[in-house]
Amino acid sequence: MDSEALCLSCGMCCNGAMYGHIVLTPQDGPVLDALGIEPEDGAGAAPTLPQPCCFLDGKRCTIYARRFASCRAFECATLSAVTAVEIAPEEAARRVALAEAALDAVREALPEGEDLAYARARRARAVGGGKITPEDARLSVLLTALDRVLDRYFRFPGDRVIDRQPGRENL
């Protein structure tokens, strides 16, 4: 399995599972202009585009040849391990399957019309001590399971989600 095949079997970096937004750079301006896209204001930082990426079709980027700089530079921990021959392609495929199963479980628990951003907001409310329903609790557990898989196999240490959540350090 080469890097392209691995990426085309996964899509976690683009479908909203790993990240809530794409950080844009000044060099993305011409691409944004050509596509007629207006970025969101980043929280006092660089502009962003929300995930899932509007240019993702299944697991394929429809603007791959002119994708954004952060997309061009991105490599997940599993892809990095395959490229460095630290893991076999079969292990990479197993990791993708685990992440897909966890993501499917979250999606099945989401209310109709809601997305992963909704699930993350509900989990934040639960962690913050807000009143939660049994559905919120179930969704929070499933999302945490997904994030544990993504943290373990796809995110690098500085990007891990569970470690950054107050009260979630030992999950």
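Residues numbered from 1 in each chain as written. Predicted model: local features only at pLDDT ≥ 70, side-chain atom pairs only at ≥ 80, totals over all residues. Heavy atoms only, no water.

As for the overall build of the chain
Helices and strands together make up the secondary structure of the chain, namely seven helices and four strands. Secondary structure elements in the chain, listed N-terminal to C-terminal, are α-β-α-β-β-β-α-α-α-α-α. At 17 Å, the chain has a C-alpha radius of gyration in line with the 16 Å of a compact globule built from 171 residues. For the chain, the spread of C-alpha atoms along the principal axes amounts to about 45 × 40 × 30 Å. With 171 residues in all, the chain has 36% of them scored as buried. Counted over contacts in the chain with a minimum sequence separation of 6, partners at least 24 positions apart contribute 65%. (Helix = DSSP H or I, 4+ residues; strand = E, 2+ residues; numbered from the N terminus. Rg over C-alpha atoms; globule rule 2.2 N^0.38 Å. Buried < 20%, exposed > 50% of the residue type's maximum accessible area, 1.4 Å probe, protein only. Contact = heavy atoms within 4.5 Å.)

Considerations on a negative patch on the surface
The grouping of Asp33, Glu38, Glu40 and Asp41 at the surface amounts to a negative patch. We classify aspartate 41 as exposed; its relative accessible area is 77%. (Patch = residues over 30% accessible without salt bridge, like charges linked within 9 Å, V, L, I, M, F, W, Y side chains within 5 Å. Areas by Shrake-Rupley, 256 points an atom, 1.4 Å probe, with all protein chains shown as cover. Salt bridge = Lys/Arg side-chain N within 4 Å of Asp/Glu carboxyl O. Lys, Arg positive; Asp, Glu negative; His and termini not counted. Charge placed at Lys NZ, Arg CZ, Asp CG, Glu CD.)

Details of the pattern of salt bridges
This model, assessed by the stated rule, comprises eight salt bridges. Residue glutamate 100 pairs with lysine 59 through a salt bridge whose shortest N-O separation is 2.2 Å. In this pair, glutamate 100 is assigned in helix H5 (residues 89-109) and lysine 59 in the loop between strand E3 (56-57) and strand E4 (60-61), connecting sequence segments 41 residues apart. Taking the relative accessible area as the measure of exposure, lysine 59 reaches 34% and is therefore partly exposed. One salt bridge in this structure joins arginine 155 and aspartate 151, with 2.6 Å as the shortest N-O distance. Under the relative-accessibility criterion, arginine 155 is labelled buried at 1%. Through salt bridges with shared partners, one network takes in Arg120, Arg123, Asp147, Asp151 and Arg155.

Let's talk about the packing of helix H1 (residues 3-10) against H5
As a packed pair, H1 and H5 sit with axes 10 Å apart at the nearest point and diverge in direction by 15°. Judged by the inter-axis angle, H1 sits roughly parallel to H5. Taken as a pair, H1 and H5 cross one another with a handedness that is right-handed. Residue-level contacts link Leu6, Ser9 and Cys10 of H1 to Ala92, Val96 and Glu100 of H5. Of the residues contributing to the contact of H1 with H5, the split by class is four nonpolar, one polar and one charged. (Axes fitted to C-alpha atoms, helices over the stretch in contact; angles between N-to-C directions. Parallel < 35°, antiparallel > 145°, perpendicular 65-115°, else oblique. Left-handed = near helix turned anticlockwise from the far one by under 90°. Nonpolar A, V, L, I, M, F, W, Y, C, P; charged D, E, K, R; others polar.)

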